[in-house]
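Chains, contacts and geometry: an overview
What follows is each chain in one-letter form.
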Amino acid sequence: EVPPTLPISGNFTYTPLYATRPSDSLGNLGMLNYASLTAHFSTMTVDPAVSVTVNNQTLTATGSNIALSPEFGFSQSSGQPNQLNNVLRVSCFGSNCATAAPTSPNLGFGCTSAGTCGPPYSAQIGGGFGGANGQAGGAFFSYAFNTNYNSGDTQAGSRPTNDYITGNVAFT
């Protein structure tokens, strides 16, 4: 049951109503496998999740206890913990998933002096709640997945060095 106004307590699970087709940097269109959004108004947090398939790769991002702003918006990336020390968890499955960045301490993002580099994907989800006259009859979020490569690296196949996969979901 959707709350009639923005509540100050309780938990609500929203149902996807509409979504744009996810697309990547090469213009490939994909499909939304699932999207979910649960709001915990008592603790002012949300649990967003999204899974998409584009160009032989299934990407999933899940988050828990992502803080709501006083304006009932939220934004979280996989690379930066929020004040509750939570991040989005990202995974990829499929024949076209990127491999980890080459192991070199001079490559930048996610690389350590030991020569190991971070995960090949990151994600960001941001959204909020809305409705007429302060009602919480709907919610939305935008998502983006991107590969974590450096400008001098190349990826086998036809994928760009930094591939962005984006889309939007509306909930009721």
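Residues numbered from 1 in each chain as written. Predicted model: local features only at pLDDT ≥ 70, side-chain atom pairs only at ≥ 80, totals over all residues. Heavy atoms only, no water.

Turning next to the sheet that holds strand β9 (residues 121–130). A sheet is described by the order of its strands in space; here five strands give the open sequence β2-β11-β10-β9-β7, paired in antiparallel fashion. Taken across any chain shown, the strands that pair with only one partner, and hence form the sheet edges, are β2 (16–19) and β7 (73–77). On average, each strand axis in the sheet is inclined to that of its neighbour by 15°, with strand direction left out of account. Where strand β10 (residues 138–147) meets strand β11 (residues 164–171), eight bridges bridge the pair, whose relative direction is antiparallel. Each residue of the ladder has a partner; that of N146, found in β11, is Y164. (Pairing = 2+ DSSP bridges. Helix = DSSP H or I, 4+ residues; strand = E, 2+ residues; numbered from the N terminus. Axes fitted to C-alpha atoms, helices over the stretch in contact; angles between N-to-C directions.)

This next bit is on the packing of aromatic side chains. Remark: the centre distance and the inter-plane angle together describe each pair of aromatic rings, the angle taken between the planes. Counted according to the given criterion, the structure contains seven aromatic pairs. Considering the side-chain rings of F12 and F41, the 5.6 Å spacing of their centres and the 55° angle between planes classify their relative orientation as tilted. Residue F12 is located in strand β1 (residues 11–14), and its partner F41 is located in the loop between β3 (31–40) and β4 (45–54); the two are separated by 29 residues in the primary sequence. Judged by its relative accessible area of 18%, F12 is buried. Their ring planes at 55° and their centres at 6.4 Å tell us that F74 and F129 sit as a pair that is tilted. With F74 in strand β7 and F129 in strand β9, the pair connects residues that are 55 residues apart, well separated along the chain. (Phe/Tyr/Trp six-rings, centres within 6.5 Å; stacked < 30°, edge-to-face > 60°. Buried < 20%, exposed > 50% of the residue type's maximum accessible area, 1.4 Å probe, protein only.)

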